[in-house]
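Fold and geometry: a report
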Amino acid sequence: MANAASQLTVLQPRAPLARLRDAANLLASLAPGTLFAVALVLVSSQPRFCWLTEPLRYPWELWVVALAGTTATVAGVADWRYHRVAQLRVGPNEHRAEFLALAGGGFPLFLLMCAASVAHRPLAFLLPVLIVLIGTVVLICYDEFVFHRRRCDAWEALLHRTLLGGHATAFLAWAHFCFVREGLHG
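A short tour of the structure in this document, coming up.

Quick notes on the rules
- Residues numbered from 1 in each chain as written.
- Predicted model: local features only at pLDDT ≥ 70, side-chain atom pairs only at ≥ 80, totals over all residues.
- Heavy atoms only, no water.
- Helix = DSSP H or I, 4+ residues; strand = E, 2+ residues; numbered from the N terminus.
- Buried < 20%, exposed > 50% of the residue type's maximum accessible area, 1.4 Å probe, protein only.
- Areas by Shrake-Rupley, 256 points an atom, 1.4 Å probe, with all protein chains shown as cover.
- Phe/Tyr/Trp six-rings, centres within 6.5 Å; stacked < 30°, edge-to-face > 60°.
- Core = buried A, V, L, I, M, F, W, Y, C linked by side-chain atoms within 4.5 Å.
- Salt bridge = Lys/Arg side-chain N within 4 Å of Asp/Glu carboxyl O.
- Polar contact = N/O pair within 3.5 Å; in protein donor to acceptor, adjacent residues only side chain to side chain.
- Contact = heavy atoms within 4.5 Å.

Turning to the overall build of the chain, a few remarks are in order. Of the regular secondary structure elements, the chain holds 6 helices and 0 strands. The secondary structure elements of the chain, listed N-terminal to C-terminal, are α-α-α-α-α-α. Looking at the chain as a whole, 32% of its 186 residues qualify as buried. In the structure as shown, the chain presents an accessible area of about 11300 Å², 73% of it carried by carbon and sulfur atoms.

Enumeration according to the criterion identifies 7 aromatic pairs in this entry. Ring plane angle 50° and centroid distance 6.4 Å describe the contact between Phe 49 and Trp 51, whose orientation is recorded as tilted. Looking at Trp 51, the relative accessible area reads 7%, which means it is buried. The interplanar angle of 80° and the centroid separation of 6.2 Å between the aromatic rings of Trp 51 and Tyr 58 together place this pair among those described as edge-to-face. Through a chain of ring-to-ring contacts, three or more aromatic side chains come together here, namely Phe 49, Trp 51, Tyr 58, Trp 63 and Phe 177.

This paragraph deals with the nonpolar core. Ranked by internal contacts, the top residues of the largest apolar core, which has 18 residues, are Trp 51, Leu 52, Val 129, Phe 171, Trp 174, Cys 178 and Phe 179. When residues of this core are traced back to their parent elements, those giving at least two are helix H3 (60-85), helix H4 (92-118) and helix H6 (154-180). Counting residues per element, this core draws most heavily on H6, at 7 residues.

Counting across every chain of the model gives 3 salt bridges. For Arg 57, the salt bridge is made with Glu 54, and the minimal N-O distance between the two is 3.6 Å. Accessibility expressed as a relative area gives 47% for Arg 57, which makes it partly exposed. Look at Glu 54 and you get partly exposed, because its relative accessible area is 39%. In this structure, Glu 94 and Arg 151 form a salt bridge, with 3.2 Å as the shortest nitrogen-oxygen distance. Here Glu 94, found in helix H4, pairs with Arg 151, found in the loop between helix H5 (126-148) and H6; they are 57 residues apart in sequence, far enough to count as distant. Residue classification places Glu 94 among the buried positions, given a relative accessible area of 5%. The structure contains a network of salt bridges with shared partners spanning Glu 94, Arg 151 and Glu 156.

Along the chain, His 148 turns up in helix H5. We classify His 148 as buried; its relative accessible area is 4%. A polar contact of 3.1 Å, which involves the side chain of His 148, links it to the side chain of Glu 94. When sequence neighbours within four positions are dropped, the list of residues in contact with His 148 reads Glu 94, Glu 98, Asp 143, Glu 156 and His 160.

Right, here's the structure in full:
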């Protein structure tokens, strides 16, 4: 009996599938910031976005997206790292829910945001953006309320709130840029 109890407290090495899920979730959380920077470089060569080569001409929304998005990304990486340092185990259902929220909701939302940002008529993307946004929020709420509500300590809850608040702030700044400040769309 003592042997069985000691086996329960000894952490087993992580299975390759669990490490793959961890890597997929980390990459999915890093992708928006990286792709955003790449997209800015790519569109800066177009005449109607030539202002992107001069940071002093950036609208306030772009600065808010950069700051809030960076804050969210840092919080996401810190949460990912915290799980490893504290040796917190995340089950496959929670991994699936997180990956669905990141890749199934966040990535399509990011693509719609990119398309609306370069479109001559961005309002055509407003309804699809709102539909995907609502779906993403549902996925995030499912993950937070089902898996994190009881398990998270104060530090992890702060990281989650920072991550979600950063993404929400970046989204709102982008939405203002895209749907209110139409003069920049040409």
